[in-house]
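# Overview (structure and organization)
Below, each chain spelled out in residue letters.
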Amino acid sequence: MDEQAALSLVGGVVPGTGDDCAVVDDLVATTDMLHETSDFPDGTTRYTAGWRAVGASLSDVAAMGASATVALAVYGAPSFGDSELESFLAGCLDVCAAVGAEYVGGDLDEHSEFTVSTTAIGRSDDPVYRSGAAPGDAVCVTGAFGRSGAALRFFEDGATERGNDLFRFDPRVATGRALAPHASAMMDSSDGLARSLHQLAAASDCGMSVSYDDVPVDPAVRGAADSPADERELAVHFGEDFELVCAIPEASVSAAVEAAPVEVTRIGTVTDEGVRMDGEPLPDRGFTHG
């Protein structure tokens with residue numbers, strides 16, 4: 001059973017799953033797990049790991065258009081070194097501070113592989129789900145794509161300082177809150193832009209038509225990719241960029257763009273069916289934990 005099949009099984013057993021966070025009254029809650037072998041390339045500092053792991057959960061809160069309240073982390077490792085643990089905690093504290101949340105601790109456990117499990121909780125009295133997009137809505141994204149894919153290439157080449165810098169992304173909590181009054185559907189792009197478009201389309205029972213030329217690509221991608229096709233792969237399919245992907249009714253696009261504290265780019269339009277890029281079917285391929 002692959003990851004997507006496993007998620008489908010969970011969805012069939014646990015009611016209310018399928019969005020970036022669970023919603024209970026006015027609370028949103030999410031949890032994530034990251035492993036050294038699949039999520040932290042050689043050269044990733046513990047500071048970056050703390051920032052990135054907690055940031056991943058905060059990104060889910062952002063995708064619901066909620067404010068971030070608190071975050072926790074479970075730190076598992078073969079041993080506990082003072083400097084490594086202190087650096088990890090500094091990353092957790094700093095990423096929470098960046099979005100106005102509080103890091104309140106977690107748990108420690110001995111583990112054969114460096115592993116982090118994080119939880120984030122936020123508040124919203126009107127969360128944005130994945131299921132509200134309608135034909136004619138604009139398909140919009142925040143920031144730029146390919147940052148994490150480029151980071152991996154830098155890690156592989158031994159440019160670890162550059163890799164760590166790119167791995168420390170800014171969770172779009174403030175932007176999610178700004179977009180929430182305007183967006184009909186929203187999620188984060190942790191699985192990649194292509195897969196996010198497919199997931200939004202499936203949840204909203206609609207289609208998406210987007211243009212690659214309109215997709216904002218992080219400048220780091222051009223320095224890391226070895227061809228235009230490789231650039232496209234990193235930007236569209238690699239994932240782990242933690243930007244927001246949303247649908248916004250046409251009449252609200254200008255107001256949404258103006259309200260957002262980071263750049264919001266329209267890349268296409270919601271359609272009746274099918275997910276296409278430049279008129280061709282867009283493969284449902286993205287980041288997979290393994």
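Treat the numbers as computed from the prediction; the structure is a model and nothing was measured.

About the thresholds
Residues numbered from 1 in each chain as written. Predicted model: local features only at pLDDT ≥ 70, side-chain atom pairs only at ≥ 80, totals over all residues. Heavy atoms only, no water. Pairing = 2+ DSSP bridges. Helix = DSSP H or I, 4+ residues; strand = E, 2+ residues; numbered from the N terminus. Contact = heavy atoms within 4.5 Å. Axes fitted to C-alpha atoms, helices over the stretch in contact; angles between N-to-C directions. Phe/Tyr/Trp six-rings, centres within 6.5 Å; stacked < 30°, edge-to-face > 60°. Lys NZ or Arg CZ within 6 Å of the ring centre and 35° of its normal. Domains from an automatic or database assignment. Buried area = accessible area lost by both parts, 1.4 Å probe. Salt bridge = Lys/Arg side-chain N within 4 Å of Asp/Glu carboxyl O.

### Brief notes about the sheet that holds strand 10 (residues 264-271)
Strands sit in the order 7-9-6-10-8-11-12 across an open sheet of seven strands; the sheet is mixed. Only two strands of the sheet have a single neighbouring strand rather than two, namely strand 7 (185-188) and strand 12 (280-281). Looking at chain direction, strand 7 and strand 9 (residues 244-248) are connected through four bridges and run antiparallel. Looking at the pairing, Met187 lines up with Val245 of strand 9. Relative to the sheet, helix 8 (residues 193-204) contacts strand 6 (138-142), strand 7, strand 8 (207-210), strand 9, strand 10 and strand 11 (275-277), its axis offset from that of strand 7 by approximately 145 degrees.

### Here's the deal with unusual backbone geometry
Of note in the backbone geometry, Asp25 takes a positive phi value of approximately 55 degrees without being a glycine. Considering the arrangement of structural elements, one finds Asp25 in the loop between strand 1 (22-24) and strand 2 (27-35). Although it is not a glycine, Glu240 adopts a positive phi angle of roughly 65 degrees. Relative to the assigned elements, Glu240 resides in the loop between helix 10 (228-238) and strand 9.

### A look at the packing of aromatic side chains
Any pair of aromatic rings gets described here by the distance separating the centres and the angle formed by the planes. Summed over the entire model, instances satisfying the criterion amount to eight aromatic pairs. Between the aromatic rings of Tyr47 and Trp51, the centroid separation amounts to 6.3 Å while the plane-to-plane angle is 45 degrees, which identifies the pairing as tilted. Residue Tyr47 and its partner Trp51 are located together in helix 3 (residues 46-63), separated by four residues, close to a single helical turn. Between Tyr75 and Phe80, the ring centres sit 6.2 Å apart and the planes meet at 40 degrees, which makes this aromatic pair tilted. Its end group placed over the ring of Phe114, Arg46 keeps NZ or CZ at 3.6 Å from the ring centre.

### Some points on the domain arrangement of the protein
Under the domain assignment, the protein is made up of domain 1 (17-123) and domain 2 (138-281). Taken together, the contact pairs 24 residues of domain 1 with 21 residues of domain 2. Where domain 1 abuts domain 2, roughly 1900 Å² becomes buried across the two surfaces, and 61% of that area is made up of carbon and sulfur atoms. At the junction of domain 1 and domain 2, the tally comes to one salt bridge. In this structure, the salt-bridge partner of Glu240 is Arg52, at a minimum N-O distance of 3.8 Å. Secondary structure elements with two or more residues in the side of domain 1 that touches domain 2: helix 3 and strand 3 (67-77). Looking at the side of domain 1 that touches domain 2, the element that brings in the most residues is helix 3, giving eleven residues.

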